[in-house]
Amino acid sequence: MIRKLENIFKKIQDNILVKFKEFEETSINNKSLDSWTRKEGGGGKTAVIANGSFFDNCAVNFSSIVGKKLPDAALKNKKKLSNSKFSAMGVSVISHPKNPHVPTSHMNVRLFCLYDSNDNIKDWWIGGGYDLTPYIPHIDDIKNWHKEAKHFLNSFDTEYYKNFSKECNDYFYIPHRKERRGVGGIFFDNVKDLSIEKSLIFLENVAQQYLNSYVEIANKRKDTKYSQAEKEFQLIRRGRYVEFNLIYDRGTAFGLQSDGRIESILASLPAEVKWSYKKDDGYKALEKKLLKYINKDWNV
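Just so we're clear, the structure is a prediction, and the values are computed from it rather than from any experiment. (Residues numbered from 1 in each chain as written. Predicted model: local features only at pLDDT ≥ 70, side-chain atom pairs only at ≥ 80, totals over all residues. Heavy atoms only, no water.)

Draft legend 1. Examining the overall build of the protein more closely. Across its full length, the protein holds 8 helices and 9 strands. Split into buried and exposed, the 300 residues of the protein put 54% on the buried side. Look at the contacts in the protein between residues 6 or more apart in sequence, and 72% of them connect residues 24 or more apart. Looking at the protein as shown, the accessible area adds up to about 14,300 Å², and 50% of this sits on carbon and sulfur atoms. Positive and negative charge centroids in the protein, built from 49 and 38 side chains respectively, lie 2 Å apart. (Helix = DSSP H or I, 4+ residues; strand = E, 2+ residues; numbered from the N terminus. Buried < 20%, exposed > 50% of the residue type's maximum accessible area, 1.4 Å probe, protein only. Contact = heavy atoms within 4.5 Å. Areas by Shrake-Rupley, 256 points an atom, 1.4 Å probe, with all protein chains shown as cover. Lys, Arg positive; Asp, Glu negative; His and termini not counted. Charge placed at Lys NZ, Arg CZ, Asp CG, Glu CD.)

See below:
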């Protein structure tokens, strides 16, 4: 059963890697594809593209692990089940393109199962979603990102987009900055409205819609000319991404709490990032414009 489920997530990983590699015009000098195992049980495959012609850094990770106690970061509203034997599998994606006109993107899909003393599944749920973090925002890209998400989700449940887009806005928020990480998308957790089989089909569709929408934006913006000031702005604003992932992200916390592979957990961080105490007027102008976009509800 687990192998069959794993193959679904491996296929998702492979599909995304095929499309992302097409953005690299020349052979990728710095690429990695590592299979790994975990002492307590399970393992995964981590694929990284670094210092390419399109990506500064990109990680597409598959993992499938088992354990005796599900980490608190995965439980949310299921604290009473924290002592259960569990399995968790999924795919996570983070892309950091070179061009500041192409947004950073994130996607993950995951399945959790809890087992009784006879190794029968006593509970399960799915989670995941995707979101967009622009630096030089383009309003048409943002509107289409949300419009396409709503259209896709409506084919499953007309309430999903309203609920999942709000949850995305609430989750990807940086309290100490009082700003959102990006312009949102969809995010969901502890969902089991469908059967396991149909839920996995739903997760496949989530991953495919993310890929379709992001590739559309990337193709539109990848050849846009940019200034050194815009690149510098991107590098500093990437610091917000790092702050969220290391302080608030439950996926990062889950990886650390489950004694995960550190290289894979931190592969989501940008290869280049800056923090600068003093900001010039050019930076302040770009940030003022960006904040109007990321602190706005784009729910369509």
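Draft legend 2. Highlighting the pattern of salt bridges. By the definition in use, this model includes 24 salt bridges. In this structure, Asp141 engages Lys220 in a salt bridge whose closest nitrogen and oxygen atoms are separated by 3.3 Å. A residue pair is termed long-range when its members are at least 10 positions apart, and Asp141 in helix H2 (residues 139–154) and Lys220 in helix H4 (residues 196–221) qualify at 79 residues. Close ionic contact of Glu179 with Arg240 constitutes a salt bridge, the shortest N to O distance being 2.9 Å. Of this pair, Glu179 sits in strand S8 (residues 179–180) while Arg240 sits in helix H5 (residues 228–247), and the two are 61 residues apart along the sequence. Connected through salt bridges with shared partners, the residues Asp56, Lys98, Lys231 and Arg238 form a single ionic network. (Salt bridge = Lys/Arg side-chain N within 4 Å of Asp/Glu carboxyl O.)

Draft legend 3. Quick peek at the nonpolar core. Among the nonpolar cores identified, the biggest contains 59 residues, and Phe9, Phe20, Leu111, Tyr130, Phe202 and Tyr210 are the most heavily contacted of them. Sort the elements by how many residues they give to this core and H4 lands first, with 12 residues. In this structure, Trp36, Ile65, Leu70 and Trp125 belong to the second largest nonpolar core, which totals 9 residues. (Core = buried A, V, L, I, M, F, W, Y, C linked by side-chain atoms within 4.5 Å.)

Draft legend 4. Expanded view of the sheet that holds strand S1 (residues 30–37). The strand order across the open sheet formed by 7 strands is S1-S2-S3-S4-S5-S6-S9, and the pairing between neighbours is antiparallel. Only two strands of the sheet have a single partner each, and these edge strands are S1 and strand S9 (184–191). The sheet shows a mean angle of 5° between the axes of neighbouring strands, taken without regard to direction. Across 11 bridges, strand S4 (residues 85–97) lies against strand S5 (residues 104–115) in antiparallel orientation. From the neighbouring strand, Ile94 faces S5, where its bridge partner is His106. Together, strand S2 (42–50), strand S3 (55–67), S4 and S5 form the strand contacts of helix H1 (residues 2–21), whose direction differs from that of S3 by roughly 180°. Taken strand by strand, helix H3 (residues 160–171) contacts strand S6 (121–133) and S9, and its axis lies near 100° from that of S9. (Pairing = 2+ DSSP bridges. Axes fitted to C-alpha atoms, helices over the stretch in contact; angles between N-to-C directions.)

Draft legend 5. View of the side chain of Glu6. Mapped onto the secondary structure, Glu6 falls in helix H1. Residue classification places Glu6 among the buried positions, given a relative accessible area of 9%. At a separation of 3.2 Å, a polar atom in the side chain of Glu6 contacts the side chain of Arg3. (Polar contact = N/O pair within 3.5 Å; in protein donor to acceptor, adjacent residues only side chain to side chain.)

Draft legend 6. Fine view of a nonpolar patch on the surface. Together, Leu246, Ile247, Leu256, Ile262 and Leu266 make up a nonpolar patch on the protein surface, roughly 460 Å² of accessible area in all. Position of Ile247 among the secondary structure elements: in helix H5. What makes Ile247 exposed here is its relative accessible area of 53%. (Patch = residues over 30% accessible without salt bridge, like charges linked within 9 Å, V, L, I, M, F, W, Y side chains within 5 Å.)

Draft legend 7. Structural context of the packing of aromatic side chains. If you walk through the whole model with that rule in mind, you get 26 aromatic pairs. Seen in terms of ring centroids, Phe112 and Phe254 are 5.7 Å apart; in terms of plane orientation they differ by 80°. Their pairing is edge-to-face. In this pair, Phe112 sits in strand S5 while Phe254 sits in helix H6 (residues 250–257), placing the two residues 142 residues apart along the sequence. The class for Phe112 is buried, based on a relative accessible area of 6%. Overall, the relative accessible area of 14% leaves Phe254 in the buried class. Site record: aromatic cluster; members linked through ring pairs are Phe20, Phe23, Phe54, Phe55, Tyr130, Trp145, Tyr210 and Tyr214. (Phe/Tyr/Trp six-rings, centres within 6.5 Å; stacked < 30°, edge-to-face > 60°.)

Draft legend 8. Representation of the packing of H2 against H4 in the model. Remark: H2 packs on H4, axes separated minimally by 10 Å, with the N-to-C direction vectors making an angle of 160°. Between H2 and H4, the crossing angle belongs to the class labelled roughly antiparallel. Crossing of H2 against H4: the hand is right-handed. Only Phe202, Asn205, Val206, Gln209, Tyr210, Ser213, Tyr214, Glu216, Ile217, Lys220 and Arg221 of H4 make contact with H2, whose side of the interface consists of Asp141, Asn144, Trp145, Glu148, Phe152 and Leu153. Here the residues of the contact of H2 with H4 are counted per class, giving 8 nonpolar, 4 polar and 5 charged. (Parallel < 35°, antiparallel > 145°, perpendicular 65-115°, else oblique. Left-handed = near helix turned anticlockwise from the far one by under 90°. Nonpolar A, V, L, I, M, F, W, Y, C, P; charged D, E, K, R; others polar.)

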